Amino acid sequence: MNETELILAIESSCDETSVAVIENGEKILSNIVASQIKSHKRFGGVVPEVASRHHVEQITFCIEEALTEANVCVEDLTAVAVTYGPGLVGALLIGLSAAKAFAWANNLPLLPINHMAGHIYAARLVQPLEFPLMALLVSGGHTELVYMAENGSFEIIGETRDDAAGEAYDKVGRVLGLNYPSGKEIDALAHEGQDTYNFPRAMIKEDNFDFSFSGLKSAFINLTHNAEQRDEQLDRNDLAASFQASVVEVLVTKTIKACKAYPVKQLIVAGGVAANKGLREAMATAIENELPEMTLIVPPLRLCGDNAAMIGAAAHIELQKKHFATMALNADPSLAFQHI
């Protein structure tokens, strides 16, 4: 085995087929991402069956391209890592089948990776992690505050009771007539408008670290629906700004509160919604003002969405802990971290 650790990582939990080669858990040699957004756009969301078919078509090309771009031979690899949950079961199974076949054919160990752990470990590709740390995970299906006492230890201290932040963005985007996924467009509109509609800040004062976004989504839909019935024109920019102001204020307030309650050195903001400019700006300002001794790490935009590089970064820890999987490894679509 080479001294340099090289992990081939595979990610197929939703609508991106991605394969990466990661050196020593921190250096990206290649990170191939085949997006399916164009295929799902016309349906206004991800269609599981369509996603699975795309993964079947793309996965072998992505593996070949990742190895070629990294300038790595199969003989150089240390292990194969793969996302086994959470996600769409059909999509996960394509990546799992490819990873198992590749590992078995090339006599390489197989590492099972939690997709959400991958999002957190994307930060390791930016700078070394220092423990204990807090992670705010914000994506299409998840909004969670995760406390990490050490590498590989994930404890949920707060989560959404209903819609995740990303889900609320997509539903509001649909009402505004925006393309799927609409987070980026809402963020852009929000920067042109003002928070004039004062939407509710759900659970912001409650003595816990949980979130709720379904009331905000309902308030937004009711306001726009009532205006339509009265033939009243609402300002789209102000609507987007008001919606985003509510989401961001709740996320930032709860996260700062959690960071003050736990002895953390770093805060990681990760997941698809971490690409949101409004959230990035507000969190940076809040940390600077209230917790200046703490380090904020937000991965670059290309590592916020689903990608295999983050899976390779998380796999480095699993390899050190010798958490290998057998060929019986199955998809776990509702895989979750433990609760404190």
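Keep in mind that what you see is a predicted model, and the values were worked out from it rather than measured.

Cut-offs and rules
Residues numbered from 1 in each chain as written. Predicted model: local features only at pLDDT ≥ 70, side-chain atom pairs only at ≥ 80, totals over all residues. Heavy atoms only, no water. Axes fitted to C-alpha atoms, helices over the stretch in contact; angles between N-to-C directions. Helix = DSSP H or I, 4+ residues; strand = E, 2+ residues; numbered from the N terminus. Parallel < 35°, antiparallel > 145°, perpendicular 65-115°, else oblique. Contact = heavy atoms within 4.5 Å. Phe/Tyr/Trp six-rings, centres within 6.5 Å; stacked < 30°, edge-to-face > 60°. Buried < 20%, exposed > 50% of the residue type's maximum accessible area, 1.4 Å probe, protein only. Left-handed = near helix turned anticlockwise from the far one by under 90°. Nonpolar A, V, L, I, M, F, W, Y, C, P; charged D, E, K, R; others polar. Pairing = 2+ DSSP bridges. Core = buried A, V, L, I, M, F, W, Y, C linked by side-chain atoms within 4.5 Å. Salt bridge = Lys/Arg side-chain N within 4 Å of Asp/Glu carboxyl O.

Enquirer: What exactly am I supposed to notice about the packing of helix 5 (residues 165–175) against helix 7 (residues 214–229) here?
Expert: When two helices pack together, their arrangement is given by the angle between the helix axes and by the axis-to-axis distance. One way to put it is that helix 5 packs onto helix 7 with a least axis distance of 10 Å and a crossing angle of 5°. In terms of orientation, helix 5 and helix 7 fall into the roughly parallel class. Contacts from Lys171, Val172 and Val175 of helix 5 reach helix 7 at Lys217, Phe220, Ile221 and Thr224.

Enquirer: Just checking my understanding: could you explain the packing of aromatic side chains for this structure?
Expert: To describe a pair of aromatic rings, one takes the distance between the centres and the angle between the planes. All chains considered together, the criterion is met by 9 aromatic pairs. On the basis of an interplanar angle of 80° and a centroid distance of 6.2 Å, the ring pair of tyrosine 121 and phenylalanine 154 is categorised as edge-to-face. Of the two residues, tyrosine 121 sits in helix 4 (residues 115–121) while phenylalanine 154 sits in the loop between strand 7 (143–148) and strand 8 (155–159), which places them 33 residues apart along the sequence. Judged on exposure class, the residue tyrosine 121 and its partner phenylalanine 154 are both buried.

Enquirer: What should I look at first to understand the packing of helix 8 (residues 236–261) against helix 9 (residues 277–290) in this one?
Expert: In contact at an axis separation of 10 Å, helix 8 and helix 9 are set at 35° when each is read in the N-to-C sense. Of the two possible hands of crossing, helix 8 and helix 9 adopt the one that is right-handed. Residues Gln244, Val248, Leu251, Val252, Thr255, Ile256 and Lys260 of helix 8 form the contact with helix 9, whose participating residues are Gly278, Leu279, Ala282, Met283, Ala286, Ile287 and Glu290. By residue class, the composition of the contact of helix 8 with helix 9 is 9 nonpolar, 3 polar and 2 charged.

Enquirer: What should I look at first to understand the sheet that holds strand 2 (residues 16–23) in this one?
Expert: In space, the 5 strands of this open sheet follow the order 3-2-1-4-5, with mixed pairing throughout. What marks the edges here is a single partner per strand, and that holds for strand 3 (27–35) and strand 5 (110–114). Recorded for the sheet is a direction-independent mean angle of 20° between the axes of neighbouring strands. Here strand 4 (residues 79–85) pairs with strand 5 via 5 bridges, running parallel. Residue pairing for strand 5: valine 82 is matched across the bridge by proline 112. Helix-sheet contacts for helix 3 (residues 89–105) involve strand 1 (6–11), strand 4 and strand 5, and the interaxial angle to strand 4 is about 160°. Across the sheet, helix 10 (residues 308–320) lies against strand 1, strand 2, strand 3, strand 4 and strand 5, angled at about 125° from strand 1, the strand it touches most.

Enquirer: Help me understand the nonpolar core in this model?
Expert: The nonpolar side chains of soluble globular proteins are, as a tendency, buried together. Core analysis: the biggest nonpolar cluster contains 48 residues, and Met134, Phe213, Phe243 and Leu279 have the highest contact counts within it. Of all elements in the fold, only strand 6 (133–138), strand 7, helix 5, helix 6 (183–190), helix 7, helix 8, strand 9 (266–270) and helix 9 reach the threshold of two or more residues within this core. At 12 residues, helix 8 tops the list of elements feeding residues into this core. In terms of nonpolar packing, the next biggest core, distinct from the first, is built from 38 residues, Ile22, Ile120, Phe131 and Ile268 among them.

Enquirer: Mind showing me how you'd approach the pattern of salt bridges here?
Expert: Where charged atoms of side chains with opposite charge meet at close range, the side chains can pair. All told, the structure shown has 7 salt bridges when counted by the stated rule. Notably, a salt bridge pairs lysine 171 with aspartate 163, separated by 3.3 Å at the nearest N-O pair. For lysine 260, the salt bridge goes to glutamate 290, with nearest N and O atoms at 2.6 Å. Here glutamate 290 lies in helix 9 and lysine 260 lies in helix 8, a separation of 30 residues in the sequence. When salt bridges with common partners are traced through the structure, they connect Asp163, Lys171 and Lys217 into a single cluster.

Enquirer: Teacher, can you tell me more about the side chain of lysine 217 here?
Expert: Inspection of the secondary structure puts lysine 217 in helix 7. On the basis of relative accessible area, lysine 217 is assigned to the buried category, the value being 15%. Apart from residues no more than four positions distant in its own chain, lysine 217 is found in contact with Asp163 and Lys171.

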